[in-house]
Amino acid sequence: MAAGYVELLRTRHAARLLSGTLVGRLPNATGHIAIVLFTRAEGGSYTLAGALAAVYGLATAVGQPLLGRAVDLRGQPPVMLPAAVLSALGMAAFAFVGIGSLPLAYAAVGVAGLFTPPLEGGLRALWPSVLGRADKVHAAYALDAVAQEVMFTVGPLLVTLLVALWSPGAALLVINVIGVLGALSVVVSEPSRKWRSAPREAHWLGALRSPGLLALLGSFFFVGLALGSITVAGVAYADDQGQDAVYGWLMAALGLGALLGGVVYGARQWAGVPERRLRVLVGLLALGYLPLALTPGVPAMCVLAAVAGVFLAPSLACAFIVVDRHAPRGTVTEAFSWLVTTFGVGAAVGTGVAGPAIEGGGTAPGFAVAGAGGVAALLVLLGTVRVLSAPVSGGRVAGSAESDRNGAVEPGFSAGHQA
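Residues numbered from 1 in each chain as written. Predicted model: local features only at pLDDT ≥ 70, side-chain atom pairs only at ≥ 80, totals over all residues. Heavy atoms only, no water.

1. Some details on the overall build of the protein chain
Next up, step 1: Helix and strand counts for the protein chain come out as 18 helices and two strands.
Next up, step 2: Counting only residues that meet the buried cut, the protein chain has 59% of its 419 residues in that class.
Next up, step 3: In the protein chain, of all internal contacts separated by at least 6 residues, the share reaching a separation of at least 24 is 83%.
Next up, step 4: Carbon and sulfur atoms provide 69% of the accessible area of the protein chain, an area that totals close to 15200 Å². (Helix = DSSP H or I, 4+ residues; strand = E, 2+ residues; numbered from the N terminus. Buried < 20%, exposed > 50% of the residue type's maximum accessible area, 1.4 Å probe, protein only. Contact = heavy atoms within 4.5 Å. Areas by Shrake-Rupley, 256 points an atom, 1.4 Å probe, with all protein chains shown as cover.)

Right, dumping it as structure tokens:
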């Protein structure tokens, strides 16, 4: 199982790009958690914490596709590094301002979200030119999802550790300094400096002119909603138990489950159409979210959280392939960034809805929002079967300008080329 991943990471630049991207995305991966913990420590309510996290998520949702389109047009380094610095400065301002001045607090988290660099989409745009072969790219998508779950497992624990050792404000600062260093590691690498997007048709909608991509984004909006609601509901559950550390355990269990699921999923080649496989995976994901509303004792709740995460990484890995199959030529970074955006908007709505749900009915309704989000994600995929059955690029063989010189990539891999 591990041999294929080891071989992939031995490919030149692969390990550096993956690790740099994960480290660079740490602020965004832990941003909602850090904002909620900081706001609560400052004496803010769950509703305020959810609202600030929602603004951060919405700003990220706006910024990702815009920055992704800029990367497709101008390349990665001129866009990503300045964005990473501005995002870190916004979060630093929030740490110093606190919630004493709400307009400044909202503005600071808005800036931090708006300028979050599109490292995730950028990495997936680089994989075809770095790895060359379609089977390696498929494995890289799975490894990417698995590695993200390592970050989502370690990230919450790191935030809670920094809070325990110093303060929530210090956690915000340290996490964002680490993020800038990760982004720097990516953009100074040779593949990032030389990558150029494939030629694109001029269209104001960009990647959004693909109906299949719109259907996928609609589904993953609700996956984001589920994850966002768990962020707030988990804090409420920890408060109910009288142990702040329980929150970190729940988030780590969720990430650990996704990590295990991703490792198993990426260890084999899957036959059949990825769109059909995605419907099955999202259905299982929804089934895992529903029992969280039972809110049993801590050990059982951690088990439920781990089970709820099992199909997250496989769903993401499969979604990456579907995005590539439906993204119009020359828009791959933007298309992947739109996927990040759906998570941002969904998570923002989830955090915004979970706060009032918890204050109105307790912790269980907060987790019920997650279950409803998973079911809605499945219903979108079931209602758009015909749209998703006609990929934009799935029948096109990538030209030489779109692939690495080591070998052609399979139809649909039109991510870019090395200049």
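Now that the structure has been shown, we can carry on.
2. Here's the deal with the environment of Ile-99
Next up, step 1: Checked against the element boundaries, Ile-99 lands in the loop between helix H5 (77–97) and helix H6 (102–114).
Next up, step 2: Judged by relative accessible area, Ile-99 falls into the buried class, the value being 16%.
Next up, step 3: Separated by 59 residues in the primary sequence, Ile-99 and Arg-40 have C-alpha atoms spaced 9.9 Å apart.
Next up, step 4: Once residues within four sequence positions are removed from consideration, Ile-99 is found in contact with Thr-39, Glu-42, Gly-43, Gly-44, Leu-48 and Leu-52.

3. Side note on the environment of Ala-306
Next up, step 1: On the secondary structure map, Ala-306 appears in helix H14 (residues 298–309).
Next up, step 2: Separated by 52 residues in sequence, Ala-306 and Leu-254 place their C-alpha atoms 4.5 Å apart.
Next up, step 3: Aside from chain neighbours lying at most four places away, what touches Ala-306 is Ala-253, Leu-254 and Gly-257.

4. Focus on unusual backbone geometry
Next up, step 1: Unlike most non-glycine residues, His-13 shows phi in positive territory, near 80 degrees.
Next up, step 2: Within the secondary structure, His-13 sits in the loop between helix H1 (2–9) and helix H2 (14–24).
Next up, step 3: Overall, the relative accessible area of 22% leaves His-13 in the partly exposed class.
Next up, step 4: Notably, Thr-295 is not glycine yet its phi reads approximately 40 degrees, a positive angle.

5. Some details on helix H13 (residues 274–289)
Next up, step 1: Helix length check: H13, at 16 residues, gives a terminal C-alpha distance of 22 Å against a target of 22 Å (1.5 Å per residue), a fit within 8%.
Next up, step 2: Taken together, the buried positions of H13 are Pro-274, Glu-275, Arg-277, Leu-278, Arg-279, Leu-281, Val-282, Leu-285, Ala-286, Gly-288 and Tyr-289.
Next up, step 3: If you follow the buried residues of H13, they end up packed against helix H11 (211–241), helix H12 (245–266), H14, helix H15 (312–326), helix H17 (363–383) and helix H18 (385–388). (Expected span 1.5 Å × (residues − 1).)

6. Some words on the side chain of Thr-231
Next up, step 1: Along the polypeptide, Thr-231 turns up in helix H11.
Next up, step 2: Among the polar contacts listed, one links the side chain of Thr-231 to the backbone oxygen of Leu-227, at a separation of 3.2 Å. (Polar contact = N/O pair within 3.5 Å; in protein donor to acceptor, adjacent residues only side chain to side chain.)

7. Re the confidence of the model for the protein chain
Next up, step 1: Averaged over all residues, the pLDDT of the protein chain is 83; the fraction at 70 or higher stands at 89%.
Next up, step 2: Across the protein chain, element-level confidence peaks in H6 with a mean pLDDT of 95 and bottoms out in strand E2 (residues 417–418) with 36.
Next up, step 3: Note on residues 394–419: pLDDT is under 50 here. Beyond four places in sequence and across chains, it has 67 contacts. (pLDDT = per-residue confidence, 0-100.)

8. Observations regarding the pattern of salt bridges
Next up, step 1: Inspection of every chain in the model, using the stated rule, returns seven salt bridges.
Next up, step 2: Of the charged contacts in the structure, one is a salt bridge between Arg-69 and Glu-334, with a shortest N-O distance of 3.0 Å. Taken together, the residues span a long stretch of sequence, with Arg-69 in helix H4 (residues 46–74) and Glu-334 in helix H16 (residues 332–361) at a distance of 265 residues.
Next up, step 3: Residue class for Arg-69 comes out partly exposed when judged on its relative accessible area of 25%.
Next up, step 4: Across the pair Glu-120 and Arg-124 runs a salt bridge whose closest N-O atoms are separated by 2.8 Å. Of this pair, Glu-120 and Arg-124 both sit in helix H7 (residues 119–131), four residues apart, which is roughly one turn of that helix. Note on accessibility: Glu-120 and Arg-124 belong to one class, buried.
Next up, step 5: Residues joined in a network through salt bridges with shared partners are Arg-12, Glu-190 and Lys-194. (Salt bridge = Lys/Arg side-chain N within 4 Å of Asp/Glu carboxyl O.)

9. Structural notes on empty space enclosed by the protein
Next up, step 1: On inspection of all chains with the given rule, the structure shows five cavities of 30 Å³ or more.
Next up, step 2: When its volume is computed, the second largest cavity comes out at roughly 170 Å³.
Next up, step 3: Taken together, the elements giving at least two residues each to the lining of the second largest cavity come down to helix H3 (26–41), H4, H5, H7 and helix H9 (168–187).
Next up, step 4: Its residues placed into classes, the lining of the second largest cavity shows 10 nonpolar, seven polar and two charged. (1 Å grid on protein atoms, 1.4 Å probe; cavity = no way out; pocket = protein on both sides within 12 Å on 5 of 7 lines; lining within 4 Å. Points joined across faces, edges and corners; volume = space filled by probe spheres on them. Nonpolar A, V, L, I, M, F, W, Y, C, P; charged D, E, K, R; others polar.)

10. Quick look at the packing of aromatic side chains
Next up, step 1: Applying the stated criterion across every chain, the model contains three aromatic pairs.
Next up, step 2: When the centroid spacing of 4.9 Å and the interplanar angle of 85 degrees are considered together, the rings of Phe-221 and Phe-222 count as edge-to-face.
Next up, step 3: Ring centres of Phe-320 and Phe-336 lie 6.4 Å apart, and the angle between their planes is 80 degrees; on these two criteria the pair is classed as edge-to-face. Residue Phe-320 is found in helix H15, and its partner Phe-336 is found in helix H16; the two are separated by 16 residues along the sequence. As far as the burial class goes, Phe-320 and Phe-336 line up, both buried.
Next up, step 4: Geometry around Phe-320 places Arg-124 over its ring, the cationic atom sitting 3.5 Å from the centre.
Next up, step 5: Sitting over the ring of Phe-336, Arg-124 keeps its end group 6.0 Å from the ring centre. (Phe/Tyr/Trp six-rings, centres within 6.5 Å; stacked < 30°, edge-to-face > 60°. Lys NZ or Arg CZ within 6 Å of the ring centre and 35° of its normal.)

11. Some details on the environment of Asp-240
Next up, step 1: Positionally, Asp-240 belongs in helix H11.
Next up, step 2: In this structure the side chain of Asp-240 is engaged in a polar contact, spanning 2.4 Å, whose partner is the side chain of Thr-363.

12. Things to note about the layout of surface pockets
Next up, step 1: As a volume, the second largest pocket reaches approximately 340 Å³.
Next up, step 2: When residues of the lining of the second largest pocket are traced back to their parent elements, those giving at least two are H3, helix H8 (134–165), H11 and H12.
Next up, step 3: The element contributing the most residues to the lining of the second largest pocket is H8, with four residues.
Next up, step 4: Tallied by class, residues from the lining of the second largest pocket come to 11 nonpolar, one polar and three charged.

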